[in-house]
Amino acid sequence: MKVQLAVVQMVSSDVVADNLARAGSLLEQAAAGGAELVLLPENFALMGRDEKAKLAIMERDGDGPIQSWLAAQAQRLGLWLVGGSMPLAAADGRCYAACLVFDPTGQRQARYDKMHLFDVDLPGGESYRESRTIAPGSSPVAVATPWGRLGLSICYDLRFPELYRSYAGAELLVVPSAFTRQTGAAHWECLLRSRAIENQAYVLAADQGGLHENGRQTFGGSMIIDPWGQVLARLDQGEGVALAQADGEFLQRCRSNLPALRHARPAFYGA
């Protein structure tokens, strides 16, 4: 297994059409670099001026312009495309933050709904309550690709290693995000490298990276990490694409030389 990976970093606005146009250009850049599997960031289609803005553009599962756009881009560019996150309607009036995966024919292969919601009060008065507008997902989702299993997650999920351990054996893990500048500076890289090391997998992390119309600042630092915890490619702030190659033989050597996944004893860890 060798595959060219790409992560797309954006500074999404509150105008969906503008965001999709920019994302399309960045996907073209990734494809021109040989990418076969590409990850968009969380909220790639909209970073609204308030939390309720996403509810105005949420779509029914399987039907809507953003979903159609993702399918069309995957087919047009011949990519496996992981669509960061977008709002899909929940029964209670909120939305799910859904990560959708499309194959190069434009067929949807997986949907994962963000399980852990960012309800926090950070130093300096920065506060978030995702649960007011987002309903939590209830199950991990991994999808088969030509290069192995791909485990799905979104942003705040990164702080819950139990989720990633449920993907034990997966060759690839994705973390589309909109990490705040404050938490990103403190924790982003160390958490991502930990998930790669402990699961001996390639990690693709696509972040938002700049100042948005709502005043929120996101961290950036989108990166691709190998199973030994080495950062293969990284962006700073602003829009861009980072590319790196995943090597299945290297992954298997890591797992063979240091067989931590085989040494795990989950039956003894408790709930």
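Residues numbered from 1 in each chain as written. Predicted model: local features only at pLDDT ≥ 70, side-chain atom pairs only at ≥ 80, totals over all residues. Heavy atoms only, no water.

A separate point is helix 1 (residues 16-32). An ideal rise of 1.5 Å per residue puts 24 Å on 17 residues; helix 1 measures up with 24 Å between its terminal C-alpha atoms. Within helix 1 the residues assigned to the buried category are Asn19, Leu20, Ala23, Gly24, Leu26, Leu27 and Ala30. The inward-facing, buried residues of helix 1 abut strand 1 (2-9), strand 2 (37-39), helix 2 (65-77), strand 3 (80-82) and strand 15 (240-247). (Helix = DSSP H or I, 4+ residues; strand = E, 2+ residues; numbered from the N terminus. Expected span 1.5 Å × (residues − 1). Buried < 20%, exposed > 50% of the residue type's maximum accessible area, 1.4 Å probe, protein only. Contact = heavy atoms within 4.5 Å.)

Further remarks concern the environment of Gly240. Mapped onto the fold, Gly240 is located in strand 15. Counting along the chain gives 231 residues from Gly240 to Gln9, while the straight-line C-alpha distance between them is 5.2 Å. Leaving out residues up to four positions away in the same chain, Gly240 has contacts with Val7, Val8, Gln9, Leu26 and Leu235.

On to the UniProt feature "domain: CN hydrolase" (unreviewed entry) in the protein chain. Annotation from UniProt places "domain: CN hydrolase" (unreviewed entry) at residues 3-248. Note that residues 3-248 is 22% helix and 27% strand, and that its end C-alpha atoms are spaced 9 Å apart. (UniProt positions renumbered as here; feature names shortened; annotations may be inferred.)

Before going further, it helps to examine the sheet that holds strand 13 (residues 223-225). The six strands are arranged 9-10-11-12-13-14 in an open sheet whose pairing can be described as mixed. Two strands close off the open sheet at either side, each with one partner strand: strand 9 (142-145) and strand 14 (231-234). Averaged over all pairs of adjacent strands, the angle between strand axes in this sheet comes to 20°, irrespective of strand direction. Direction of pairing for strand 12 (residues 202-205) relative to strand 13: antiparallel, over a ladder of three bridges. Bridge assignment links Leu204 to a residue of strand 13, and that residue is Ile224. This element, helix 4 (residues 181-199), spans strand 11 (172-174), strand 12, strand 13 and strand 14 of the sheet and lies at about 30° to strand 13. (Pairing = 2+ DSSP bridges. Axes fitted to C-alpha atoms, helices over the stretch in contact; angles between N-to-C directions.)

If you walk through the whole model with that rule in mind, you get one cavity of 30 Å³ or more. If you add up the space inside the largest cavity, you get close to 60 Å³. Every residue lining the largest cavity is listed: Phe118, Cys155, Tyr156, Arg159, Ala178, Phe179, Thr180, Thr183 and Arg216. (1 Å grid on protein atoms, 1.4 Å probe; cavity = no way out; pocket = protein on both sides within 12 Å on 5 of 7 lines; lining within 4 Å. Points joined across faces, edges and corners; volume = space filled by probe spheres on them.)

Taken as a whole and judged by the stated rule, the model has six aromatic pairs. By way of ring pairs, the aromatic residues Phe118, Tyr128, Tyr156 and Phe160 are connected into one cluster. (Phe/Tyr/Trp six-rings, centres within 6.5 Å; stacked < 30°, edge-to-face > 60°.)

Attention now goes to the pattern of salt bridges. For side chains bearing opposite charge, pairing can occur when the charged atoms are close. In total, this model carries 15 salt bridges according to the counting rule given. Of the charged contacts in the structure, one is a salt bridge between Asp121 and Arg129, with a shortest N-O distance of 2.8 Å. According to the relative accessible area criterion, Asp121 is exposed, its value standing at 54%. Note that Arg193 and Glu189 form a salt bridge whose closest N and O atoms lie 3.7 Å from each other. Residue Arg193 and its partner Glu189 are both found in helix 4; the two are separated by four residues, about one turn of the helix. Exposure remark for Arg193: the relative accessible area of 33% places this residue in the partly exposed category. The class of Glu189 is partly exposed, set by a relative accessible area of 27%. Each of Asp61, Arg108, Arg111 and Asp113 takes part in salt bridges that share partners, so that together they form one network. (Salt bridge = Lys/Arg side-chain N within 4 Å of Asp/Glu carboxyl O.)

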